[in-house]
Amino acid sequence: MIKINANLLSGLATFAAVASCHSFTQAAEKLHITTGAISQQIKQLEKNLKLTLFQRHSRGIRLTSAGYQLHQVVEQSLTDIGDVISQLQQVNRHAGEVHLKLTPSFAYKWLVPRLHDFYQQYPDIKIHTFAEGALVDHTDTNFDLAIDYGKTPYQANDKKINAELLLAEQLLPVMSPQYMANFDWHHAQEVVASNDIKQCNHNELWQSITLLHDAMPWQHADKDAEWQFWLQQMASTTTGRQTLSKHGHYFNRTDMAMAAAAAGLGVALARCALFNSGLTAADLAKEGLVSPFSPIDAQAGYYLIQHHPSPAIACFKAWLKQQALSSQQRKKKRENNYQ
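Throughout what follows, the structure given in this document is the object of discussion. (Residues numbered from 1 in each chain as written. Predicted model: local features only at pLDDT ≥ 70, side-chain atom pairs only at ≥ 80, totals over all residues. Heavy atoms only, no water.)

Examining the pairing of strand S2 (residues 60-63)
Definition in use: Any two strands with at least two DSSP bridges between them are considered paired. Only runs of H or I of at least four residues qualify as helices and only runs of E of at least two qualify as strands under DSSP, and these elements are numbered from the N terminus.
Direction of pairing for strand S1 (residues 54-57) relative to S2: antiparallel, over a ladder of four bridges. When the sheet's bridge partners are listed, Arg 56 is paired in S2 with Ile 61. Here S1 folds back onto S2, and the loop between the two strands holds two residues.

Right, here's the structure in full:
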């Protein structure tokens with residue numbers, strides 16, 4: 001039996017990175033070392049194991065049969081080690097703490113205004129909120145809970161992850177009053193709903209309207225995905241709207257696009273959950289916005305992913321669901337009273 005030592009373990013970790021990336025160069029970037037160092041470590045590992053793990057060819061590398069079998073075992077072992085470390089860290093974590101990861105837009109616009117209510121009910125529970133990136137890594141087990149925005153049904157990277165729909169979303173085009181005054185929006189709606197694809201794609205009115213995009217709505221999304229979806233939903237046909245949806249300015253957060261709209265830069269697709277007060281003309285005016293349209297179902301929403309259990313996590317999760325339910329009830333009311 002081969003002796004497992006520190007050098008071999010280091011080589012196996014490098015091997016797992018290369019096998020996952022299918023590239024020496026990408027693995028080097030991931031591990032923050034040079035491509036040459038990666039190549040040398042793999043050669044040394046193959047020498048120590050007396051196995052050929054990769055086939056090298058002009059287009060790159062490919063796992064051999066032996067490499068594939070070894071990668072399956074090494075990847076699972078590293079995952080198991082990470083899970084155990086996470087569980088041990090969780091045991092040492094303070095029982096009254098909850099570590100939450102979510103998008104900045106949802107944190108700032110939806111969660112933070114409601115946290116006072118939670119602390120009034122549970123003053124001894126501390127919520128550690130992390131919202132540093134436009135996209136949420138829902139597989140990161142360093143956090144107890146994650147709230148991620150995604151298409152319905154939710155597409156998890158790990159099949160073992162159970163994502164619960166917390167809040168379904170709606171989309172509403174919004175702009176400043178000054179920007180709205182520049183265009184005939186009744187005609188704009190007629191054009192986008194037309195079956196005349198040439199008219200829609202080349203109409204001077206829509207070509208002159210600046211679309212403001214959240215270019216990173218969810219992982220692997222097209223940067224114009226939400227505007228493309230809105231145009232398709234507004235039209236009686238789904239063909240030919242892609243060209244129209246691509247022009248405009250791009251941001252990596254929805255709240256930034258909405259702020260740009262309020263500043264008169266163009267038209268943003270607002271996520272209605274981010275309006276706490278409502279969607280009446282008076283409510284939108286508080287944000288410096290107006291809209292000639294009605295909200296539509298986004299066929300996407302905010303999903304809750306739980307990695308660890310504790311009484312504090314259970315309390316916070318139940319509170320989140322209650323807040324989301326209240327939001328949905330307000331949504332139904334505004335659907336009946338939208339003006």
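After that view, the rundown keeps rolling.
Overview of the layout of surface pockets
Rules: Space inside and on the surface of the protein is sampled on a 1 Å grid over the protein atoms alone, with a cavity defined as a set of points where a 1.4 Å probe fits but cannot get out and a pocket as an open set with protein on both sides within 12 Å along at least 5 of 7 lines; lining residues have an atom within 4 Å of a point. Grid points are joined across faces, edges and corners, and a volume is the space filled by probe spheres set on the points. Gly is placed with the polar residues, together with every amino acid not listed as nonpolar (Ala, Val, Leu, Ile, Met, Phe, Trp, Tyr, Cys and Pro) or charged (Asp, Glu, Lys and Arg).
Counted as a void, the largest pocket has a volume near 880 Å³. What lines the largest pocket is a set of 27 residues, among which Thr 79, Asp 83, Thr 139, Thr 141 and Asp 158 lie closest to the centre. When residues of the lining of the largest pocket are traced back to their parent elements, those giving at least two are helix H1 (6-21), helix H2 (24-31), helix H4 (65-92) and strand S10 (296-306). Of the residues forming the lining of the largest pocket, the biggest block, eight residues, is contributed by H4. Tallied by class, residues from the lining of the largest pocket come to eight nonpolar, twelve polar and seven charged. Reported here for the second largest pocket is a volume of approximately 270 Å³.

Looking at the environment of Gly 133
Here is the rule: Working rule for contacts: check all heavy atoms of both residues, and any pair within 4.5 Å makes them a contact.
Topologically, Gly 133 is positioned in the loop between strand S4 (126-130) and strand S5 (145-151). Between the C-alpha atoms of Gly 133 and Leu 102, which are 31 residues apart in sequence, the distance is 8.2 Å. When sequence neighbours within four positions are dropped, the list of residues in contact with Gly 133 reads Leu 102, Thr 103 and Pro 104.

Details of the nonpolar core
Here is the rule: In plain words, nonpolar cores are sets of buried Ala, Val, Leu, Ile, Met, Phe, Trp, Tyr and Cys residues tied together by side-chain atoms within 4.5 Å. The cut-offs for exposure are 20% and 50% of the maximum accessible area for each residue type, with area from a 1.4 Å probe on protein chains only; residues under the lower value are buried, those over the upper are exposed, and the others partly exposed.
Leu 111, Ile 147, Trp 185, Ile 209, Phe 316 and Leu 320 are the most contacted members of the largest nonpolar core, which totals 65 residues. Per element, the largest residue contribution to this core is six residues, and it comes from helix H15 (residues 311-337). Not counting residues within four places of it along the chain, the set of residues in contact with Ile 209 comprises Tyr 179, Phe 183, Trp 185, His 247 and Val 267.

Regarding the sheet that holds S5
We apply this condition: To obtain each axis, a line is fitted to C-alpha atoms, and for helices this fit is confined to the stretch in contact; angles are then taken between N-to-C directions over 0 to 180 degrees.
Spatial ordering of the open sheet is given by S4-S3-S5-S10-S6-S9-S7-S8, a layout of eight strands whose pairing is mixed. Across the chains shown, the open sheet's two edge strands, defined by having one partner strand only, are S4 and strand S8 (249-251). With strand direction ignored, the average angle separating the axes of adjacent strands in the sheet is 30°. Inspection of the sheet shows strand S6 (residues 163-174) paired to S10 by seven bridges, in the antiparallel sense. Within S10, the residue paired with Glu 164 across the bridge is Leu 304.

Re unusual backbone geometry
A cis amide bond, omega 0°, links Thr 152 with the succeeding residue Pro 153. Positive phi, normally seen in glycine, also occurs at Gln 299, with a value near 55°. On the basis of relative accessible area, Gln 299 is assigned to the partly exposed category, the value being 42%.

Remarks on the packing of aromatic side chains
Here is the rule we go by: Here a Phe, Tyr or Trp ring, Trp counted by its six-membered ring, pairs with any other such ring whose centre lies within 6.5 Å, and the pair is stacked when the planes are under 30 degrees apart, edge-to-face when over 60, and tilted otherwise. By definition here, charges over rings are those cases where NZ of Lys or CZ of Arg is within 6 Å of the ring centre and within 35 degrees of the ring normal.
Counted according to the given criterion, the structure contains 18 aromatic pairs. Ring centres of Tyr 149 and Trp 218 lie 6.1 Å apart, and the angle between their planes is 45°; this geometry places the pair in the tilted category. Taken as a pair, Tyr 149 in strand S5 and Trp 218 in the loop between strand S7 (211-214) and helix H11 (225-234) lie far apart in primary sequence, 69 residues in all. Trp 218 matches Tyr 149 in its accessibility class, with the two residues each being buried. A centroid spacing of 5.4 Å and a plane angle of 80° characterise the contact between Trp 227 and Trp 230, whose relative ring orientation is edge-to-face. Highlighted residues: Trp 227 and Trp 230, both in helix H11, separated by three residues, approximately one helical turn. Through a chain of ring-to-ring contacts, the aromatic side chains of Tyr 179, Phe 183, Trp 185, Trp 227, Trp 230 and Phe 293 assemble into a single cluster. Positioned over the ring face of Tyr 250 is Lys 223, at 4.4 Å from the centre of the ring. The side chain of Arg 271 reaches across the aromatic face of Tyr 149, ending 3.8 Å from its centre.

Digging into helix H13 (residues 254-262)
Restricting attention to buried positions, one finds in H13 the residues Thr 254, Asp 255, Ala 257, Met 258, Ala 260 and Ala 261. One or two positions beyond H13, positive phi appears at Gly 264, with a value near 90°.

Topic: the side chain of Arg 271
Selection criterion: Contacts described as polar in this section are N or O atom pairs within 3.5 Å, which, within protein, must combine one atom able to donate a hydrogen with one able to accept it, while residues neighboring in sequence count only if both atoms come from side chains.
Looking at the secondary structure, you find Arg 271 in strand S9 (residues 267-271). Polar contacts involving the side chain of Arg 271 include one to the side chain of Asp 214, which spans 2.9 Å. Those residues within four positions of Arg 271 in sequence are excluded, and the remaining contacts are Tyr 149, Glu 169, Gln 170, Leu 171, Asp 214, Pro 217, Glu 226, Thr 254, Met 258 and Tyr 302.

As for helix H5 (residues 104-111)
Counting buried positions along H5 yields seven of eight residues, so the element is predominantly enclosed. Within H5 the residues assigned to the buried category are Pro 104, Ser 105, Phe 106, Ala 107, Lys 109, Trp 110 and Leu 111.

Structural notes on the pattern of salt bridges
Put simply, the rule reads: Here a salt bridge means any side-chain nitrogen of Lys or Arg lying within 4 Å of a carboxyl oxygen belonging to Asp or Glu.
Evaluation of the coordinates by the stated rule reveals ten salt bridges. A salt bridge links Arg 271 to Asp 214, with the shortest nitrogen-to-oxygen separation between them at 2.9 Å. With Arg 271 in strand S9 and Asp 214 in strand S7, this residue pair connects regions lying 57 residues apart in the sequence. Asp 214 gets classed as buried once you look at its relative accessible area, which sits at 8%. Here Glu 226 and Arg 271 are joined by a salt bridge, their closest N and O atoms 3.3 Å apart. Of this pair, Glu 226 sits in helix H11 while Arg 271 sits in strand S9, and the two are 45 residues apart along the sequence. Arg 271 shares its class with Glu 226; the two are buried. A single salt-bridge network, built from bridges that share partners, covers Glu 164, Lys 317 and Lys 321.

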